[in-house]
Amino acid sequence: MAHPCSDPNGWAWPLAQQQRHLNQCWALECDIDPMILRARHLRHQGALPQASCVEQELLPLF
């Protein structure tokens, strides 16, 4: 089975195409908690301190 990020000839997708594919996959994650998606989005944007704050809210209380 071919790797999902390669074409039939075995060459890797260009970075821009990989980015589009990743964004399309993220759009399909409708069953994931919105806070998790928010943390991922912040990390993707490079907002690491904000992402860490959101992730802290997701930690179990016990």
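Since this is a predicted model, take the numbers as computed values, not measurements.

1. Thoughts on the pattern of salt bridges
For the structure shown, the criterion picks out one salt bridge. The partner of Glu55 in a salt bridge is Arg43, and the shortest N-O contact between them spans 2.8 Å. In this pair, Glu55 sits in helix α3 (residues 48–58) while Arg43 sits in helix α2 (residues 34–45), placing the two residues twelve residues apart along the sequence. A relative accessible area of 28% places Glu55 in the partly exposed class. Arg43 sits in the partly exposed class, given a relative accessible area of 37%.

2. A short note on α2
Compared with an ideal rise of 1.5 Å per residue, which puts twelve residues at 16 Å, α2 spans 16 Å between its outermost C-alpha atoms and is within 8% of the ideal. After α2 finishes, the residue Gly46 shows a positive phi value of roughly 90°.

3. Some words on the packing of α2 against α3
With their axes 8 Å apart at the nearest point, α2 and α3 run at an angle of 160° to one another. With respect to each other, α2 and α3 are oriented roughly antiparallel. Remark: the crossing between α2 and α3 carries left-handed chirality. Here Met35, Ile36, Arg38, Ala39, Leu42 and Arg43 of α2 come into contact with α3, specifically with Leu48, Gln50, Ala51, Ser52, Val54, Glu55, Glu57 and Leu58. Within the contact of α2 with α3, the residues separate by chemical class into eight nonpolar, two polar and four charged.

4. Some details on the packing of helix α1 (residues 15–27) against α2
The geometry of α1 relative to α2 is characterised by a closest axis approach of 12 Å and an angle of 165° between their N-to-C directions. Classified by the angle their axes make, α1 and α2 are roughly antiparallel. For the crossing formed where α1 meets α2, the hand is left-handed. In contact with Gln19, Asn23 and Trp26 of α1, α2 contributes Arg40, His41 and His44. Here the residues of the contact of α1 with α2 sort into one nonpolar, four polar and one charged.

What counts and how
Residues numbered from 1 in each chain as written. Predicted model: local features only at pLDDT ≥ 70, side-chain atom pairs only at ≥ 80, totals over all residues. Heavy atoms only, no water. Salt bridge = Lys/Arg side-chain N within 4 Å of Asp/Glu carboxyl O. Helix = DSSP H or I, 4+ residues; strand = E, 2+ residues; numbered from the N terminus. Buried < 20%, exposed > 50% of the residue type's maximum accessible area, 1.4 Å probe, protein only. Expected span 1.5 Å × (residues − 1). Axes fitted to C-alpha atoms, helices over the stretch in contact; angles between N-to-C directions. Parallel < 35°, antiparallel > 145°, perpendicular 65-115°, else oblique. Left-handed = near helix turned anticlockwise from the far one by under 90°. Contact = heavy atoms within 4.5 Å. Nonpolar A, V, L, I, M, F, W, Y, C, P; charged D, E, K, R; others polar.

All quantities given are derived from atomic positions and should not be read as evidence of function.
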